[in-house]
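Listed here are the chains, written in short residue letters.
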Amino acid sequence: MRTDVFRRFLRVSNVTEMTGQTTPGPAPLRYRPGPRRQALAALLDGLRTDGGAHVVTGEPGGGRTAFLEFAARSFHAGPVWHVRADPARTPRPHSGLRTLLRAAGRSVRLSDDGTADKVFLDVLREASARSALLVCVDDAHLWDPASRAVLGRAAARVHTADGAHRVGLLFTVPGHRPVAPELAGLPVLDLAPLTPGDAAGLLHDLTDGAVDPAVRDELVIEAQGNPALLVALIHRLSPAQLRGRRALPRPPADAGTLAAVAGGCLTGVRPDHAGLLLSVAAATRVTGEPDAEASLVRRAAAVLEGRGEVPGVGVTAACSVPVPHAEPPFDGEELPDLLVLFEGRIRFRSALLGRAVYAGAPPERRHAAHRALAGALPAPHGVLALLHRSWTVPGPDAGLAAELAAAAADVTSGLPPGPRRTAQVRAAELTPDGAERAHRYTAAAEQALLAGHPPEALRLLDAAVTCPAPAPVRGRAELLRARVLLADGPVDDARESFLLAASLLADPSPAESGAAVLGAADAAWAAGDPAACLRALAHEAPPGTGDATALPRTENHGPVALLRDHRDGMRAVLQGRFDLAAAPLTRVVERGRPAAEPERLLRSAAAALMLGDVTAARRAGARALAAARTLRAAALEPRALEYLAYAELRAGRHQLARTHAEEGLRAARRTGQRNTAAHHHAVLALAASIEGAQERVAEHTATALATARRHGLAQAAMLAQWAAARADLGAGRPREAADRLGPLVRPGARRGHFAVWMLAVPCFVEATALAGQPERARAVVEDFALWAGCGADPQAPAQLLRCRALLAAPEAADELYLRALDRHDETSGDFERARTELLHGKWLRRRRRLREARARLGEALVDFERCGAYLWARQAGAELRAGGAAPGGAGSGEPPRHDGRGLSQLTPQQLRIARCVAEGATNREVALSLSVSTRTVDYHLRNVFATLGVRSRVELVRLVEQAEKASAHL
């Protein structure tokens, strides 16, 4: 384990004094490349160029010291004064300020006569006269009040109106207590917990990669984004435990580990607050939520401290009733600083301290807190009351376990997946029977998966398989494991898990077995393997276990009929028999309309997409999304947004597809679904390919392909490659587009996904025709004609006529273009119509039919601009100018003119970058001249484009020139 990495998070020196240029070093790992790193880099750039002050806060172990080290190492524009308060010293008036000035090499006298403010400001001005200055004060709350007051007043007066004095001030204070009043008026930067990806990356680097994936996932969950806790967990484990060869301690973060990370944050707690703190900690532990009902906690704390009485509190609290109270739940005077009250809910300012309070309490004290909370709840047999009771029993309790499991399974309770999962886990822990324990662990895993926690679901499934269990229980566990893999693993592995589950569930549960068969078909579909898809749909259970495909034909409604129709329709689609697929898939769509279950609505959306009914697909996807949010089933949101995005793409609504894909990508990342995220990246690449955002196309394509290749996602890979080719075509590179698409659409082993390749054929035909190689596309057009005749794609008939026009003789092409435009009138989607108009306009102009060409190209320009296809709009504008349209006039394709007033909306840093770019500097040259990274320049330049509404550097140059001319006339 590398000591240098460890020291990034556990500071070993008490005071660090740095002046002048700091030596560059590796940034703390919480600031890995990504949006957070860009945001922090932008903040530090602003401190360097514009000055200003910020209070940096976060929970214990959250990286405040690491952030200041990162800031100091990243600051190269001038001197850095960096000190840390010494808690061992007795604070005297202005002692903190004197420490800072000594570290900076300044020898000045500070008196108590009120002149300290002026002296300190004079020192800051002198130090920043020639270059920017950064002042970093770690643990500023430990400074004496007089020093904090001077800092606060100096920060309020820091300004850069004339650019002469650029002073940046960063103060860190703990997040588990209110900010000191002297600093309370300053902007606050709250360091958020590490994302799971960053935490996993830190864990990998701290252990040199010597950590088992399952152990890694559990430690990431246990650390909850706290870097110091993650480091402490690693140091608690032996090498064998890190490698997964020995069992982890339970719990991984015990009282000693949590107390070590919390440090002295819990010292000095008033004795009369101890019961309240433990009550809040126990209440949040049971619900898994960050806060608890304040009135409930107050009643329980009163009982715990012997200051109140709740009827029914006893060993079981079986007869408790709510205690009426008219007074407010708390008054501000009695609330400890560690807690915060908001709208009737109470929570710890730091979740880590809540865990430390609970873990550090004696067992009998914890039991008493849970009994008090159980008695204070209005429903004695509800899930929460039963959970509290469960933490008061010393060992297995079959009766209480059965009550818990039944309450968690009650669909009328309205509980979200999180508390259900907690209840099922606790029920499993209390269950003495092995088979029943496996069943309850499996039920808990299902709720964990719905809540968006796949690593925890897998851990619970591993616990389930260690118990002896019958085939149905093992089948349900395998079905859940397959669902995890389908969203976040190799899809071939997911298919085999689904098929195993189908065999195990064939006799006891035909509906679940049928769902497993369809899951296997979905996995094969994602892999682009139609033969495996058909084999899955024809799956036969082993002898003696029933037939997984023999779903009862007597049921015409309900889940079994839905699964049977979906299976039959999917099989017909794979066999190219759309005439046979229409009836069963239509029934699937119709049965989804009145449903409120997200899974049924998702099946309806999938069936509608196979039918080409994009309106029904959009409707079902939107309802599935709403249902998932209502049930708080976080794992289903990315899938619903995926279907919505695909439906919008098929309908030609690329902007809406982008909106849904961006939201879906965030949801997929939150819930650990890399495969679903890859599909959203592919949609975003396709949307960017019509906007002309080449960098975004490349970024989303690369990300989608990286996951697609690791997990065998042929569909996502095909869509991403199509996006890259379409971007080439829009940028005027038809030969590159044709070369990229050729292997994917022509017959052969390299042809792309069986359900997607035909969507890219119109791009390939256009690319080959424009590249002067039309013969490469003739055979593919005939394949595309078969697809267009199926009726599964509303855009295909018009696209087919456009393809035939591109390959036709001159005397036939005009009529084909006109027929294509007539077919476009029957469908929505400006982009495809505009492409036909553009190609027809080009054809007309080259035959000197200039008046007709200008009319057609003008229509194309308007349609491209309406759907945001700016790169293609520039093509139409160029063709218009070549055909004699007046430059800059209506319909010329020139970007709109600006009056320059928008420059006032830019920040000073953005304005500097805009002017450098307008002078012809590259991003790298701008970065060198301003002493920032090229990534920072990219970040600011994107914001400049968005703020000004420009789409290219050419437009930006024009806008800046107009602004300079306008200011010269003032």
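These numbers were taken from a predicted model, which means no experiment stands behind them. (Residues numbered from 1 in each chain as written. Predicted model: local features only at pLDDT ≥ 70, side-chain atom pairs only at ≥ 80, totals over all residues. Heavy atoms only, no water.)

### Quick word on the overall build of the protein chain
Worth spelling out the cut-off: Every helix listed is a DSSP run of H or I at least four residues long, and every strand listed is a run of E at least two residues long, numbered separately from the N terminus. Relative accessibility thresholds used throughout: buried, under 20% of the residue-type maximum; exposed, over 50%; partly exposed, between the two (1.4 Å probe, protein chains only). Should any heavy atoms of two residues lie within 4.5 Å, those residues are counted as being in contact.
When its secondary structure is counted, the protein chain shows 45 helices and eight strands. Counting all 970 residues of the protein chain, 55% fall into the buried class. Across the protein chain, contacts joining residues at least 24 apart in sequence account for 66% of those joining residues at least 6 apart.

### What about the side chain of Asp565?
This is how it is decided: Polar contact is the term for a pair of N or O atoms within 3.5 Å; when the atoms are in protein, one must be able to donate a hydrogen and the other to accept it, and sequence-neighboring residues count only if both atoms are side-chain atoms.
Following the sequence through the fold, Asp565 ends up in helix H25 (residues 558-574). In this structure Asp565 comes out as buried when scored by relative accessible area, which is 2%. A polar side-chain atom of Asp565 sits 3.0 Å from a polar atom in the side chain of Arg587. Here the side chain of Asp565 touches Arg591 through a polar contact of 2.5 Å, side chain to side chain. Leaving out residues up to four positions away in the same chain, Asp565 has contacts with Pro584, Arg587, Val588 and Arg591.

### Details of helix H27 (residues 598-611)
Short version of the rule: In this scheme, a helix's expected span is set at 1.5 Å multiplied by one less than its residue total.
Here H27 contains 14 residues, and its C-alpha end-to-end distance of 20 Å stays within 8% of the 20 Å for a straight helix at 1.5 Å per residue. Of the positions making up H27, those classed as buried are Pro598, Leu601, Leu602, Arg603, Ser604, Ala605, Ala606, Ala607, Ala608, Leu609 and Met610.

### Details of the packing of aromatic side chains
We count it as follows: Each Phe, Tyr or Trp ring (for Trp, its six-membered ring) is paired with any other whose centre lies within 6.5 Å, and the angle between the two planes then decides the class: stacked below 30 degrees, edge-to-face above 60, tilted in between. When the NZ atom of lysine or the CZ atom of arginine is within 6 Å of a ring's centre and also within 35 degrees of its normal, the charge is said to sit over that ring.
One pass over the structure, following the stated rule, counts six aromatic pairs. Lying across the ring of Trp722, Arg726 places its NZ or CZ 5.2 Å from the centre. Arg751 extends its terminal NZ or CZ atom over the ring of Trp757, reaching a point 3.6 Å from the ring centre.

### A look at the confidence of the model for the protein chain
The following threshold applies: Each residue gets a pLDDT score, which is the predictor's confidence in that residue and runs from 0 to 100.
Summing up the model confidence of the protein chain, the mean pLDDT is 83 and the portion of residues at 70 or higher is 87%. Within the protein chain, the element-level pLDDT minimum falls on helix H1 (residues 3-9), averaging 36, and the maximum on helix H22 (residues 491-505), averaging 95. In this model, residues 159-163 is a region of pLDDT below 50 whose contacts with residues beyond four sequence positions or in other chains number five contacts.

### Points about the sheet that holds strand E1 (residues 52-58)
By definition, the strands of a sheet pair up through backbone hydrogen bonds, in either a parallel or an antiparallel sense. Formally: Criterion used throughout: strands pair if DSSP finds at least two bridges between them. With axes taken as lines fitted to C-alpha atoms, and helix axes fitted only over the stretch in contact, angles between N-to-C directions fall between 0 and 180 degrees.
Spatial ordering of the open sheet is given by E2-E3-E4-E1-E5, a layout of five strands whose pairing is parallel. With partners counted over all chains shown, the strands left at the sheet margins are strand E2 (80-84) and strand E5 (188-190), one partner each. Ignoring strand direction, the axes of neighbouring strands in this sheet form an average angle of 15°.

### Here we look at helix H15 (residues 363-376)
Over its 14 residues, H15 extends 20 Å from the first C-alpha to the last, a length consistent with the 20 Å expected when each residue adds 1.5 Å. All of the buried residues in H15 are Arg366, Ala369, His370, Ala372, Leu373, Ala374, Gly375 and Ala376. Taken together, the buried residues of H15 touch helix H12 (274-287), helix H13 (294-304), helix H14 (351-360) and helix H16 (383-390).

### Description of the pattern of salt bridges
Going by this rule: A pair is scored as a salt bridge if a Lys or Arg side-chain nitrogen falls within 4 Å of a carboxyl oxygen belonging to Asp or Glu.
For the coordinates displayed, the defined rule picks out 55 salt bridges. Measuring nitrogen to oxygen at the nearest pair gives 3.8 Å for the salt bridge that ties Arg84 to Asp138. With a gap of 54 residues between them, Arg84 in strand E2 and Asp138 in strand E3 (residues 133-138) connect regions that are remote in the sequence. Judged by its relative accessible area of 21%, Arg84 is partly exposed. For Asp122, the salt bridge identified is with Lys118, shortest N-O distance 2.9 Å. Taken as a pair, Asp122 and Lys118 lie in helix H5 (residues 116-127) at a separation of four residues, close to a single helical turn. Sharing partners across several salt bridges, the network here consists of Arg64, Arg84, Asp138 and Asp139.

### Re unusual backbone geometry
The omega torsion of the bond from Arg250 to Pro251 falls at -5°, within 30 degrees of zero and hence cis. The backbone of Gln224 shows a phi angle near 55°, a positive value even though the residue is not glycine. Relative to the helices and strands, Gln224 resides in the loop between helix H8 (213-223) and helix H9 (227-236). Backbone geometry places Arg632, a non-glycine residue, at a positive phi of 55°. Tracing the sequence through the fold places Arg632 in the loop between helix H28 (614-630) and helix H29 (637-650). The exposure class assigned to Arg632 is partly exposed, which follows from its relative accessible area of 46%.

### Some details on the packing of H13 against H15
Each pair of packed helices gets described by two things: the angle between the helix axes and the distance between those axes. In plain terms, the rule: Each angle receives one of four descriptions, namely roughly parallel if under 35 degrees, roughly antiparallel if over 145, roughly perpendicular if within 65 to 115, and oblique otherwise. The sense of a crossing depends on the near helix, which, turned anticlockwise from the far helix by less than a right angle, makes the crossing left-handed and, turned clockwise, makes it right-handed. Residue type decides the class: Asp, Glu, Lys and Arg count as charged, Ala, Val, Leu, Ile, Met, Phe, Trp, Tyr, Cys and Pro as nonpolar, and the leftover types, Gly among them, as polar.
For the pair H13 and H15, the least separation of the axes is 8 Å and the interaxial angle reads 130°. Taken together, the axis directions place H13 and H15 in an arrangement best described as oblique. Crossing hand, H13 versus H15: right-handed. Each of Leu296, Arg299, Ala300, Val303 and Leu304 in H13 lies in contact with H15, whose residues at this interface are Arg365, Ala368, Ala369, Ala372, Leu373 and Ala376. For the contact of H13 with H15, the per-class residue count stands at nine nonpolar, no polar and two charged.

### So, the environment of Leu97
Note that Leu97 resides in helix H4 (residues 95-103). Of the residues examined, Leu97 reaches a relative accessible area of 0% and is grouped as buried. Here the alpha-carbon distance between Leu97 and Ser147, two residues 50 residues apart in the chain, equals 5.4 Å. With near-sequence residues (within four places) excluded, Leu97 lies in contact with Leu110, Phe120, Trp143, Ser147, Val150 and Leu151.

### Section: the sheet that holds strand E8 (residues 345-348)
Strand order in the open sheet formed by three strands is E6-E8-E7, and the pairing between neighbours is antiparallel. Strand pairing shows two members of the sheet lacking a second neighbour, strand E6 (291-293) and strand E7 (339-342), which therefore form its edges. Strand-to-strand twist in this sheet, taken as the mean axis angle between neighbours without regard to direction, amounts to 30°. Two strands pair when backbone bridges link them, and E6 and E8 are joined in this way by three bridges, in the antiparallel orientation.

### Let's talk about the side chain of Arg856
Within the element layout of this structure, Arg856 appears in helix H40 (residues 850-866). Not counting residues within four places of it along the chain, the set of residues in contact with Arg856 comprises Leu818, Leu821, Glu837, His840, Gly841 and Leu844.

### Details of the pairing of E1
With six of seven residues buried, E1 lies mostly within the body of the structure. In the sheet, E1 pairs with strand E4 (residues 167-174) via seven bridges, with the strands oriented parallel. When the sheet's bridge partners are listed, Val55 is paired in E4 with Phe171. Here E1 runs beside E5; their pairing, made up of three bridges, is parallel. Bridged to Val56 within E5 is Leu189.

### Digging into the packing of helix H37 (residues 796-807) against helix H39 (residues 830-846)
In the contact formed by H37 and H39, the axes pass within 11 Å of each other and the chain directions differ by 20°. The angle between H37 and H39 places the two elements in the roughly parallel class. Handedness of the crossing formed by H37 with H39: left-handed. Counting all contacts with H37, which are made through Gln799, Arg802 and Leu806, the residues of H39 involved are Glu832, Arg835, Thr836 and Leu839. Within the contact of H37 with H39, the residues separate by chemical class into two nonpolar, two polar and three charged.

### Notes on the pairing of E7
As paired strands, E7 and E8 are joined by four bridges and run antiparallel to one another. Counted as the bridge partner of Val340 is Arg347 from E8. Connecting the antiparallel pair E7 and E8 is a turn made up of two residues, with Glu343 showing a positive phi of about 50°.

### A look at the environment of Pro417
Mapped onto the fold, Pro417 is located in helix H18 (residues 417-430). A relative accessible area of 5% places Pro417 in the buried class. Distance from Pro417 to Leu631, taken between C-alpha atoms, is 7.9 Å for residues 214 residues apart in sequence. If near-sequence neighbours (up to four positions away) are discounted, Pro417 is found in contact with Gln447, Leu450, Ala451, Leu631, Arg632 and Ala633.

### Topic: the environment of Arg365
Relative to the elements of secondary structure, Arg365 occurs in helix H15. Once you skip the residues sitting within four places of it in the chain, Arg365 turns out to touch Gly275, Leu278, Leu304 and Glu305.

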